[in-house]
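Letter by letter, the chains look like this.
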Amino acid sequence: MKRAEKKKLGGGYAFNAMFGGYADVAAYYHPNEEDESIEEHIAPDLLPIYEKPDPWNLRSPIEKDFVLLAEFSELEGPRPVLTIPYGTGGQFDKNNFAVKIMSVDYHNISNNTFTVSDDTQVMILENREGVYAYVHHFTLYDIHARGFVRPFCMAYVTADENKMLSAYEDMLNEFSKVSKCFSYANKLLFLKDIKHHIKNLEHTKECLQKLEGEPPKPNESDSTDENDVLSELTITQVESMIAEAKHIEKVIMPLLTDKKMELKLKQAEDRFFMSRSMDFEEEHEREEEIVQEEINTEEKKEDVNCIKETPRRKASVYSLYSDYKPCRLFDETREYQPQILSSAFFRKKFDKLLRNLHELCPWGSHNALRRLRCIQRYFSRDLATLQIEKEEGTLIDPAAGLLTIGRCVTLNFMQHSGRLADGGYGMSLPSNNLLRRRLSEDTLGSFNSSESFYSIQDDRESVHSGVSSAAEVAFIYANSSHCDEHSPRNRYSISEADDYFVINYKEGDVYEPPKARERYLTGSSAGTSSERSFTTATDISFGTDVDQDLYTTRRSFYDRAISMDSNCTSDDLISSSPTDLESNISRKVAVISAADHIFSLNSSSIGHGILKVFQEYRCSPEILATLLTGRPLVVLGGAKDEKAVTAIVTALWLFLPGHTIPNHAVVPCLSKPKQIKMVDLAHFKLLGMCRPERRTSSPLVPSSVRNYVSVLDIERKMLTAPAYKGHIIKDIYKQRKIFKTEDTYIPFVHCELLELATRAFIYYHCFCQKEPSSFQDNDFAHPLERANVYNMKSTEFCDTRLSVHPGDVPVIEYLSEIVKMQQYDEWARCSYSDTLPTSVKLDLRECKVFKA
Amino acid sequence: MTSTERTVGMADTFKDCDTKSMEDIDEEMESLSIKPSEDESELIVDGFMVSGTFTDVASNQCRTPVIPSFEESSDTLVEGPDSRAISPVGHSLTATKLKVSSSNLIQAVVLSLWDNIVGPRILHVWKGEACNETVETFKYLSIYTLNGEICRDLTCGGIDTKFYVMSRRKLCVLALIFGAKGKCGPSVHCLSVVMSSNDLQKYVTWQRTLHAWLKRRIAVLRVLMEKDEYDKGIHFLNASINKTMRMLQSLQLDGLPSCIKLEDTYFYNEDSSKDFLLRKSITSHLMTCGRSVVTGTVDSEINKMVSTLALFNTSAERQCSRFCSHERNWPYHHDLCVQGWLPPSYNLRQSVLDKIPLGEMQCAEYPTSIIDVKTHEVRQTLPVNEHHTRRHDFLSQEVTHPYSKHDVKYPEKNILDNLQYPENLVHRFMKELFAIPVGLRLSFIQLFIRTIERKALVLIKSAEVDSDQGRSAPKTNPRKLRQDLGLQLEGDFRIVLAMAEKLKPGIYTYLLGDSLNHELARNISLYSV
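Reading the values: the criteria
- Counting starts from 1 at the beginning of each chain's written sequence and moves along it residue by residue.
- For this description, chains carry letters from A and ligands carry numbers from 1, given in the order in which they are written.
- Only residues with pLDDT of at least 70 are given local features in this predicted model, and only at 80 or more are side-chain atom pairs given and counted; all residues enter the totals for whole chains, interfaces and linings.
- Hydrogen atoms and water are omitted, and side-chain values are computed over all heavy atoms in the structure.
- Pairing between strands requires that DSSP locate at least two bridges from one strand to the other.
- Helix and strand assignments follow DSSP, with helices taken as H or I runs no shorter than four residues and strands as E runs no shorter than two, numbered in order from the N terminus.
- Fitted lines through C-alpha atoms serve as axes, helices being fitted only where they are in contact, and the angles separating the N-to-C directions of these axes extend from 0 to 180 degrees.
- Only heavy atoms matter for contacts: two residues are in contact if any of them lie within 4.5 Å across the pair.
- Buried means the residue's accessible area, taken with a 1.4 Å probe over protein chains only, is under 20% of the maximum for its type, while exposed means over 50%, and partly exposed covers the values in between.
- The term salt bridge refers to a pairing of a side-chain nitrogen on Lys or Arg with a carboxyl oxygen on Asp or Glu at a separation within 4 Å.
- Aromatic contacts are taken between Phe, Tyr and Trp rings whose centres are within 6.5 Å, Trp giving its six-membered ring; a plane angle under 30 degrees counts as stacked, one over 60 as edge-to-face, and the others as tilted.
- Whether a charge lies above a ring is judged from NZ of Lys or CZ of Arg, which has to be within 6 Å of the ring centre and within 35 degrees of the ring normal.

Asks: I'd like to hear about the sheet that holds strand E12 (residues 684-690) of chain A, residue by residue, with values.
Replies: Residues and elements named next belong to chain A. Read from one edge to the other, the open sheet built from six strands follows the order E11-E12-E10-E13-E14-E15, with strand pairing classed as mixed. Only two strands of the sheet have a single neighbouring strand rather than two, namely strand E11 (665-670) and strand E15 (847-851). The sheet shows a mean angle of 15° between the axes of neighbouring strands, direction not considered. In the sheet, strand E13 (residues 710-713) pairs with strand E14 (residues 718-722) via three bridges, with the strands oriented antiparallel. When the bridges of E14 are listed, Leu712 appears paired with Leu719. Packed onto the sheet, helix H27 (residues 620-628) meets strand E10 (633-637), E12, E13, E14 and E15 and runs at close to 50° relative to E14.

Asks: Which residues make up the environment of Asn95 of chain A, and what are the values?
Replies: All names here are of chain A. Tracing the backbone shows Asn95 in helix H4 (residues 94-102). Look at Asn95 and you get partly exposed, because its relative accessible area is 28%. Separated by 14 residues in the primary sequence, Asn95 and Val81 have C-alpha atoms spaced 9.8 Å apart.

Asks: Lay out the pattern of salt bridges in plain terms, naming residues and giving numbers.
Replies: Per the counting criterion, the structure on display carries 50 salt bridges over all chains. In this structure, Arg222 of chain B engages Asp45 of chain A in a salt bridge whose closest nitrogen and oxygen atoms are separated by 3.7 Å. Placement of Arg222 of chain B in helix H4 (residues 200-226) and of Asp45 of chain A in the loop between helix H3 (33-39) and strand E1 (66-73) is noted, with the two residues assigned to different chains. Of the charged contacts, one joins Lys181 of chain B and Asp228 of chain B as a salt bridge, the two residues approaching to 3.3 Å between their closest N and O atoms. Linking Lys181 of chain B in strand E8 (residues 171-182) with Asp228 of chain B in the loop between H4 and helix H5 (230-254), this pair joins segments that are 47 residues apart in sequence. Exposure remark for Lys181 of chain B: the relative accessible area of 26% places this residue in the partly exposed category. Ionic contacts of the salt-bridge type, sharing partners, join the residues Glu71, Arg79, Asp142, Arg150, Asp193 and Arg355 of chain A into one network.

Asks: Could you give an account of the packing of aromatic side chains, naming the residues involved and the relevant values?
Replies: The geometry of an aromatic ring pair comes down to the distance between the two centres and the angle between the two planes. Tallied over the full model, the rule gives 37 aromatic pairs over all chains. Ring centres of Phe114 of chain A and Phe190 of chain A lie 6.0 Å apart, and the angle between their planes is 35°; on these two criteria the pair is classed as tilted. Residue Phe114 of chain A is located in the loop between H4 and strand E3 (120-126), and its partner Phe190 of chain A is located in helix H5 (residues 161-213); the two are separated by 76 residues in the primary sequence. Accessibility expressed as a relative area gives 12% for Phe114 of chain A, which makes it buried. An aromatic cluster of three or more residues is present, and its members are Phe614, Phe655, Tyr733, Phe739, Tyr745 and Phe748 of chain A. The ring of Tyr378 of chain A is capped by Arg381 of chain A, whose NZ or CZ atom sits 4.7 Å from the centre of that ring. When the ring centre of Tyr140 of chain B is taken as origin, the NZ or CZ atom of Arg169 of chain B, which lies over that ring, is 3.8 Å away.

Written out as structure tokens, the structure reads:
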């Protein structure tokens, strides 16, 4: 009966009590006393736990995500080996956690013969503790270990459950790659060991057979280990051991088929030993140091926090390093000299320390650890960043349609094109008419100073090389290891070998920002500055922006890593000499997602110091308008203002649309400035310059150029730029008072810029794609007339359809123009399979002088 | 014959092809009233002692041939700790055979516990027909999942989740670990859901829903076990697993594609008669973090709205969404993103609100919008912060109600908000959308979502800076925050807030407070902006 009633209620038919208002709702909400008495019968721990929303995961013992590497030591049981980054984990009990994750025999295989176990993965979600982890178990093989196995695991530990759930699949993929790095090198070594072991066994067998033939020597005085062994072993025992070893060899052999991986490992090894043999005497000590240092930085540092808890262990680990010798995996030249079996193989001595990770996986471990560091950097970012970056990753293609502002992905004008079936309005490439506009008279006709235009050719070491090379800095920073090409350490050490291993991983790793930048800016780097490769927008990846500290691995880390793994054949690899790599990478443009920018703001981020600039310059709307309409801006400072100039350029970069080379270059500050030539206007959009201490007769910005650039003179606190009459930029500028910190103001700017770009998106598709094609050349007596009609229609469209003030129309037009130019370049590249000369967009407008 | 001396079969209680307006959990509790069946039989499958009645399942499923159902096993209550469960070293155990499509995500379910004497021990196995795993595998799984949990503190509740990928065995296992009272006192239990490793992708897409479903049911199971109602617990699990599998089946059969064609939505051709409904629906859908139920009488209309709303969800969320189907007639399932729902015996005199399973909606992680394409009514459950506390209360009530003198208090209809918040975001969006060519619309929708996302980022960052990442009390009040962000309109603010909640779970409650009274006070000040 009661059940029936309940059913009725459950069906929603019996709702007698109607709530009259919030008070009633509140009464409903708080259980009355009777209810409480009933609930006493149920233990409180059986009731669902109320989890108060905790957006910043403050309840968790984990402050920052980290990677923990643990092993099941046959001497000590489960133990943490290292944490990445060093010293993280806070209050979190890593030993306990290691015990927990390593306690299960994850490789439980019932048969008694040797088999290779696959990796297993576990995702652990412990709501009570606030600990969420992805754990990847893998087994390494060691000839000296019990059962020949050394179980290890890697765990990514975080306090954010949502991150764990949403990133689980990516983690699974990435950790599998790391595991492969460890395992493959390890298996090669193990196979080598096993082969040697078989030889040893066969040699021992021969010795035993010999001994059997000889009469026993009763009073043997020199009882060596060898004799001990021989006296303890029988031929049958040795034969069974040989059979076992051969079985292992048979199991391992077919697994080693990845020639690509082998080649990489071999290259790493060769590079290391080549340097050694080249200058052995001199280098020997230093190489030892390098190896030592590598280990120390990779493991010892990270290891200490786990190890310091037991001093004994600490000592033991260091003693391991002292006799670490880089081993040769691929040395085919020297024949192995078989020895009589060591007693250690059949009499386990548990006081002997086993090989460490580097010894177990020669040449593979460094790369694996590097990958782990990248994984940690990538996933330790905010959940929002990861989610948005994933979504925005799809905006990169097609590259010609991508619009970025301040190097952040804003939107793609050409997405979803052709997605619709017949009948829909699909997006198309701009009409020929639109493409022709690029070389129209109104741009080319305004060259009034041929002298300044051509002068660049007479001056090979002119500012031009500085500008273009500096522009490339932004995009090839990932490649900055080439700056250190002549440094023997980088050239021959394992780290560099690994750079070739996974191109993308080098981004954050071998990288020295100030040095690299200096080199490029002063034009002293021989390699890249002389090359003027025309980089189009086609190779774009989420990467690093020039001033970022690259502490985060970006999207490219994934995409390229994946493409490396899936697409590269071994042939690709062989041919990838440093120069090939260089030319490949220099064509890549690094962009970031706005979310990443917002959540990783630091003193070197683009846009840092923008509020300070606004505070100092009341004419900021004009400065921003200059950037957003594509007029080059020169920030001029005194001889000692280099820092200030760089800071202003970095701050203003936030508002600079476009990312292609060589059209949208940003130069933080030229330390050895030369006079700007007309042709340079084609390349840079934002340029910092310091006046030389000794005044020269020719000004840095000659009067002919001055007509086409805006100049912000920070010494005189003056801006020469066209007046801005619109609203949008003023509104953005005004909001600085509301968002008092950059942490909140920059997200707001991104928000506004996206809205602005949305207007441009509609303008581009609904106006640019239609209107110009309706113009017939015959309709107009003079090209200027056509331009006027076009401008009128454009302003009208912006006003009526987009509610954009006429003063803001140039901004909308310029944003569309960028995409148009990218498409034009793309079209030209496809049509002529070569690059066309860069055109100069000259913006001749009446300028005013504003006082800051 | 082994431990199962006599069996009492249970007729298949899950003939619910036509939707009952009952609450789901009630149905599952209903299954506890077991009546002995006359038709008893036993079956040995792979060394399992499977016992139960074999009703003609096919005849029950004339309308829904693919719906999973059980052939139920149940034992007489033979006392003694080993009457129905054996240790991993034993050779027989009780099991229930699941009649389920081989394509279902769940292949088998194992309930095991950590016995203080013999270690990991299987209590019951539910095994799908297509599942080829042997008893050894299940024993291995119970060891595998329970090892490492020996030191678990049983005094504090909570259900932990582990997900294993075992490539060698080609298996994935979702293990829910919880403390419950066994025959010999409290011990660690584990409910393992066995899946094929080929289905990893499916699991990843549906994992949140699956976790929510199973955790809700385990909470009830724990109480049943506490009250020594072991058999009821097993039968309850039977029903629960059945329901869960049915829900998964519905996603598989009528799930949304990850990419939606514009032709299938209301955005392809402008229909001015739908404009108002569309605007209201999108507003509400965005306010409820992209969770909606679309109802009506004609399935094509419902599905068109489902596709339209799903454009505002991520592709992962779309895979957790479902069309309605006239043939299969799925009931409402909580924790799906967008779902079409055909209410049973819909007639115009009765409001669809009378049929809505409000209790079920209360169990979902997020609030839900209810969109009636027939009457153009759009309603939504309480906002995120209130919903969160209410949800907890309701789930607690669900756990206690079998032992309470009082009936479950289901949420009233009037908690449904009729949605009269003024907003401008969606209004402007729609105006612009219909003015641009069809080819651009998908991009434009994506742009709109990204604009909201960026606004949400400003909100998150502001809250973060304002409170030093939650370490100190917020200095700015939400009213000021709204003004700063230009979100004076209540609708706009809630849309952005809901997006922020998706990007930074918990921020909604952090900003607006989690207790109802507190919320009231704050809300009043908010409304008066």
